[in-house]
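Listed below are the residues making up each chain.
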Amino acid sequence: MLTAKGATGRHADLLVRGGTVVTPEKSAQADIACVDGRIVSLDARGWSASEVVKADGLHVLPGVIDTQVHFREPGLEHKENLEAGTRGAVLGGVTAVFEMPNTHPLTLHRADLERKLAAASGRAWCDIAFYIGGSSVNASELGHLETLPGCAGVKVLMGSSFGDLLTDDDTVLRRILAHGRRHVAVHAEDEARLRERRAIVEASGDVRDHPRWRDVESALKATRRIVGMAAEAGRLLHVLHVSTAEEVAFLAAHRSRATVEVLPHHLTLCAPECYERLGTLAQMNPPVRDARHREALWHALREGQVDTLGSDHAPHTQEEKARPYPQPPSGMPGVQTLLPVMLDHVSQGRLSLQRLVELTSAGPARVFGIMGKARIAVGYDADLTLIDLKARREITNRWMASVCGWTPYDGMRVTDWPMATIVRGQVVTRDDAVQGQPVGQPVRFCNKMAITPA
Ligand code: DOR
């Protein structure tokens, strides 16, 4: 709806009117005026606007930030690409994503990062930053690489998963930790133990054994090792997709050393049921485990022991997933379903909306040092996610924008829905459709965080 330019008051590009604004602290009715992509007022009295979004009956969240996606470009575009991946993000209410380095080629050097930024320009529907992979070939340059524009930080993969990125050698890990100042994001599974135990699944060919192969000890051992090395190096970690009760307990005792990410998949799916129902579609690393671990993750989430939620959007085609186990690549898509699935948990009373907002905005901003985002406050980017907490919808494969064309939640009914997504003042989705042009820009970071050595 358009309104005429006001003769007396001030003029905004966009007004979001009548919604309930949710911050980690509280929910309150507020109107939001935006100019040049930023929030300029939380009181719309006296403002006219070029565009008005009526948000009556809706909740307005700080734009949701997904701290872990694999968009597969360059090199693996038959699974996903930057346009489709970010389109799925905004359709699911996500306004910024951090993309992983296990593409072809890997993202290891300045030129790889710049190629990704160029590929995203004019094609990304949401804001985006890219991780640099930490490896033996670039370890001593990471202190510089992590400060480049559009870099989300350094990602280290300690146990092989999908693609060629792997750093399991302690000497290399120590070199990586010695170069740089930002949190190092780490996939902690112990490569030697995974290799030793691979025979379990080669013999059984049963996907229900996936969590037995990549067991609790594989995850805990790697997490302990890297936390120990980070303490020696005086470095901070962000431990990705924490999946076990044992790691939760260990990391709770090391809060000053490591922040924690958990995934909606690990909070929602449960072994063995998910493997019986979904087969290898549910195969991911670290694996979906049994109810004891899922409960521990929920407990940690409610207790404030978790800092961010990542979807670990890891698409593979249905043909690839249909191979006999253990051949299929591990991973499930998730960027488009992160918010609907988590809001459904909110509607079922498993966590508060405030806590969810903390995990999808303030948490990522704190861990990654994001500049100018993740708050509904004057001066911040107008990244807003409008949700209807009463809408009843069904998640379907048909709704998926991902090139892979499927979701593990096909057929799941949820109570909630993302109704509109606003990226820096541009309304990019409304009523389940994208509108306008892809407006995504590189996310900006504060790269001068002072970190106290151990
Ligand atoms: O299941 C997974 N898939 N875990 C990872 O760490 C990588 C991801 C992928 O890229 O497919």
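Residues numbered from 1 in each chain as written. Predicted model: local features only at pLDDT ≥ 70, side-chain atom pairs only at ≥ 80, totals over all residues. Heavy atoms only, no water.

*Asks:* Just to check I follow, could you spell out the site of the ligand for this structure?
*Replies:* Around the ligand lies a shell of 13 residues, among which R72, N102, N285, H316 and S330 are the nearest. Side-chain polar atom of N102 to an oxygen atom of the ligand: 2.8 Å apart, as the coordinates give it. With respect to the ligand, the backbone of N285 contributes an N or O atom lying 2.8 Å from an oxygen atom. For the shell around the ligand, the per-class residue count stands at 3 nonpolar, 8 polar and 2 charged. (Near = heavy atom within 4 Å. Polar contact = N/O pair within 3.5 Å; in protein donor to acceptor, adjacent residues only side chain to side chain. Nonpolar A, V, L, I, M, F, W, Y, C, P; charged D, E, K, R; others polar.)

*Asks:* Looking at this structure, how should I read the nonpolar core?
*Replies:* Side chains of nonpolar character tend, in soluble globular proteins, to be buried together. Judged by nonpolar contacts, the single largest core of 71 residues is most densely connected at V97, L237, V262 and L301. Among the elements that line this core, the one with the most residues is helix α7 (residues 216–233), at 6 residues. Sequence-distant contacts of L237, that is, excluding residues within four places in its chain, are made with L177, H183, V184, I226, V227, A230, R257, A258 and T259. Ranked by size, the runner-up nonpolar core spans 45 residues in total, among them I32, A55, A382 and I422. (Core = buried A, V, L, I, M, F, W, Y, C linked by side-chain atoms within 4.5 Å. Buried < 20%, exposed > 50% of the residue type's maximum accessible area, 1.4 Å probe, protein only. Helix = DSSP H or I, 4+ residues; strand = E, 2+ residues; numbered from the N terminus. Contact = heavy atoms within 4.5 Å.)

*Asks:* Just checking my understanding: could you explain the sheet that holds strand β4 (residues 32–35) for this structure?
*Replies:* The strands making up a sheet are joined through hydrogen bonds of the backbone, oriented either antiparallel or parallel. Pairing is mixed in the open sheet, where 4 strands are placed in the order β5-β4-β1-β6. Two strands bound the open sheet, and with one partner strand each, they are β5 (38–41) and β6 (47–54). Strand-to-strand, the axes of this sheet are offset by a mean angle of 40°, without reference to chain direction. Pairing geometry for strand β1 (residues 10–17) and β6, over 7 bridges, is parallel. The partner of R10 across the bridge, within β6, is W47. (Pairing = 2+ DSSP bridges. Axes fitted to C-alpha atoms, helices over the stretch in contact; angles between N-to-C directions.)

*Asks:* Hey, could you run me through the confidence of the model for the protein chain in this one?
*Replies:* For any part of a model where pLDDT is low, the fine detail of the predicted coordinates should not be relied upon. Per-residue pLDDT for the protein chain averages 95, and the proportion of residues at 70 or more is 97%. This model gives residues 1–7 a pLDDT under 50, and the stretch forms 13 contacts once residues within four places in sequence are excluded. Here residues 450–454 is modelled with pLDDT under 50, and outside its nearest four sequence neighbours on either side it reaches 10 contacts, counting other chains as well. (pLDDT = per-residue confidence, 0-100.)

*Asks:* Is there a simple way to think about the environment of S48 in this case?
*Replies:* For S48, the location among the structural elements is in strand β6. For the pair S48 and L15, spaced 33 residues apart in sequence, the C-alpha to C-alpha distance is 7.9 Å. At 2.8 Å, the side chain of S48 forms a polar contact with the side chain of H11.

*Asks:* How do you make sense of the pattern of salt bridges when you look at a structure like this?
*Replies:* If charged atoms from side chains of opposite charge come close, those side chains can pair. Applying the stated criterion across every chain yields a total of 34 salt bridges. E246 is the salt-bridge partner of R292, the closest N and O atoms lying 3.0 Å from each other. Separated by 46 residues along the polypeptide, R292 in helix α11 (residues 291–302) and E246 in helix α8 (residues 245–252) bring together distant segments of the chain. On the accessibility criterion, E246 (27% relative accessible area) is partly exposed. The partner of R413 in a salt bridge is E394, with the nearest N and O atoms 3.6 Å apart. Separated by 19 residues along the polypeptide, R413 in strand β17 (residues 412–423) and E394 in strand β16 (residues 384–395) bring together distant segments of the chain. Linked through salt bridges whose partners overlap, the residues forming this network are R38, D127, K373, D381, D383, R424 and R444. (Salt bridge = Lys/Arg side-chain N within 4 Å of Asp/Glu carboxyl O.)

*Asks:* I would appreciate a short explanation of the environment of R214 in the present structure.
*Replies:* Counting through the fold element by element, R214 comes out in the loop between α6 (210–213) and α7. In sequence terms R214 and L351 are 137 residues apart; their C-alpha atoms lie 29 Å from each other. Apart from residues no more than four positions distant in its own chain, R214 is found in contact with G159, S160, S161, E189, L194, N285, P287 and R289. In this structure the side chain of R214 is engaged in a polar contact, spanning 2.7 Å, whose partner is the backbone oxygen of S160. Polar contacts involving the side chain of R214 include one to the side chain of N285, which spans 3.2 Å.

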